[in-house]
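# Understanding the architecture of this molecule
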Amino acid sequence: MKYFLIVAALILLLPAIALIRTFFIKKKTSDYKPSPDSERAMSYAKKLSEMVKFETVSYPDVDRTERFEEFHKLLAKLFPAVFSTLEVNSIDGNLLIYWKGSKSERPVILMGHQDVVPAGGEWTKDYFSGDIEDGKVWGRGACDTKCSVMCILQTFEELLSAGYEPVNDIYLASSCTEEVGGNGAPKIIEELKRRGVKPYLVCDEGGAISEDPIAGIKGRFAMLGVLEKGQGNIRFTAHSSGGHASAPGKNTPIVRLAAFEQEIEKHDPFTKKFCKESEAMFSSLAPYAPFGMRYILGNLWLFKGLLCKVLPLISSEGCAMLRTSMAFTVQSGSEAYNVIPQNASVCANMRFIPHQDMDESVELVRKIAAKYDLETEVIEGYHSCPVVDINGDAFRMVTKAIEEVFPGLAYSPYVMTGGTDARFFGEICPNCIRFSPLIYGPEQMKGMHGLNENMGIDSLPGAVDFYKTVIRLNDKK
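What you see is a predicted model; the values in this text were computed from it and never measured.

Further remarks concern the packing of aromatic side chains. Per the stated rule, a full pass over the model turns up 16 aromatic pairs. Here Y98 and Y171 contribute two aromatic rings whose centre-to-centre distance is 4.8 Å and whose plane-to-plane angle is 15°, an arrangement assigned as stacked. Residue Y98 is found in strand β2 (residues 94–99), and its partner Y171 is found in strand β6 (residues 168–174); the two are separated by 73 residues along the sequence. In terms of burial, Y98 and Y171 fall into one category: buried. Seen from their ring centres, F435 and F466 are 5.4 Å apart, and the 75° between their planes marks the pair as edge-to-face. Taken together, the residues span a long stretch of sequence, with F435 in strand β16 (residues 432–440) and F466 in helix α16 (residues 460–476) at a distance of 31 residues. Judged by its relative accessible area of 0%, F435 is buried. F466 gets classed as buried once you look at its relative accessible area, which sits at 0%. A network of ring pairs unites the aromatic residues Y32, F406, F435, F466 and Y467 as a single cluster.

Below you can see the structure in the form of C-alpha cells.
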C-alpha cells in the first residue's frame, strides 16, 4: 500500500511540476519581416528572372553538359566580376568557383543547385517565364534553388566590387544533377579531395526561413537542417506459377503483397525516438507555442513517450523526424485482367533515421516480407548523414549570422526528411548545415516541384546579406 501511495503521488506530482515549469517559460513571438529595400530587391529579381528563363531541367541518365555550360555563359554576363576574377571550373556542367583567401584552414562552401525538375500542368505563368509580378519571380527553379545560386554569386560580386579580401578560402559548389540524385556533387567532391580541401562549413539547401513550421506555432523561423536521413529504394517481389484468373488459388502474389503492405501500414515496425536534435527542435519552438503545446513541448523530459505515440496521429512530417519512414510508391503485376501474375512486385521508398539506420531498417522489413514469402531487393540506398553538432562553433556562427541579419527571427535545429547534395559532403566536412536564407511560405512550399513556383523578391537582399555575414564571421575567427 505504501508503494502504491508513493507511485500515485509521483503520478500527480510530475505533471504538477511540469505545469509550474510551463508558467516560467516566457511566451515569445518570432516577428521577423524583411526591411523594405525595393531597389536592391528589384535588381536581384531581374538577375534571378534571367536565370529562371534559361531552362535547366535535369533528366535521369541524360547528359546535358552542353546545356549547363551555356547556362554558365549567362551567369558570366550577370556576374562579370566573379567570372573574370575568380577561378571558375566547370566539371561536366557542375560549377566549382574558388575564391582564394590568405589562409586555407577554414574554407567555407556555399551551395545551391542549377538543375530543376520538369514543369507540367496548368500554370498561371509560363513554366520558364521569369515574370516579375506581385512582388515575386515566377517560374521553375525560382525557389528550388536558382534563388540561392543567384544570391551566392551576387554576394561574391558585391564583395569583389568592394575590394574585399577574404582571410579564408571560399567556394561556390553547384551541381547540375541534384534533382535526379546524379553524380554531379560526387564529381565536385572528388575535385575537392584532389585539392586536399577540408571544409569548415558547408551551407546548402534544406531548411529555410519557414512560416508556421508546426501546426499551432505561428511566425517565421529559421529552420537549420542538421540531420539528414538516409534513403533507399526497396523492391519486394512475390513469385508464383501464375495461372488463369477463372480458377484462382490462395495467396496469389498480389494478395501476399497487399497483406505485407497492410501489416507495415497498421503495425509500424520502426522505433520512434527523440534524438538530441529533434528534442532541441521541439524545445526551442516551445516558447512560441500556445500554452497547451508549451506544456508538452517545454517538458519533453516527461512527455517524450506520450509524444512519440501521439505525433503519428497528428503530423506525418513530425513523426518522420522520429523514425525511419516507409512509403509504398510503385507496384506491378500482370499485364492482363484474366491472368494471375507469375511475378508481382511493390517498391518502397525508405528514409532511415540514425538510431535505426539502413542496415537495421532493411533487415527489419526483410523479416516481415519473408512471412509472406516475398523476396527483398535493395535497388539503391545510403545511410543517414553525419549529424552537425548543435553546440559546436560552426552552428553557433550560422545562428549569429541569423541574429545579425534577420532581427526578430527565431531559429531552431531541424531534422531533414528530404535529401540534398550536402549528403555527399559529409565525408569531407563535419558541419554540413542545410539552410537557405530565404522566406519559404506556404505558396513557395506548394510550388516547389509543383505548380506556379515563385520566390518573393523582398527576401533576396536578406539572403545576400546572410552569405556576406557568414563569410565575414568566419574570417574573424
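So that's the structure; there's more coming.
So, on to the nonpolar core. If you look at the biggest cluster of nonpolar residues, it comprises 70 residues, and the most contacted ones within it are F156, L460 and F466. If one sorts the elements of this core by residue count, helix α5 (residues 146–161) sits on top with nine residues. Counting residues in each nonpolar core, the second largest holds 23 residues, with M223, L285, M321 and A410 among its members.

This part is about the pairing of strand β1 (residues 87–91). Here β1 runs beside β2; their pairing, made up of five bridges, is antiparallel. Across the sheet, S90 pairs through a bridge with L95, a residue of β2. Where β1 folds back onto β2 in an antiparallel hairpin, the turn is made up of two residues, including D92, whose phi is positive at roughly 55°.

What counts as what
Residues numbered from 1 in each chain as written. Predicted model: local features only at pLDDT ≥ 70, side-chain atom pairs only at ≥ 80, totals over all residues. Heavy atoms only, no water. Phe/Tyr/Trp six-rings, centres within 6.5 Å; stacked < 30°, edge-to-face > 60°. Helix = DSSP H or I, 4+ residues; strand = E, 2+ residues; numbered from the N terminus. Buried < 20%, exposed > 50% of the residue type's maximum accessible area, 1.4 Å probe, protein only. Core = buried A, V, L, I, M, F, W, Y, C linked by side-chain atoms within 4.5 Å. Pairing = 2+ DSSP bridges.

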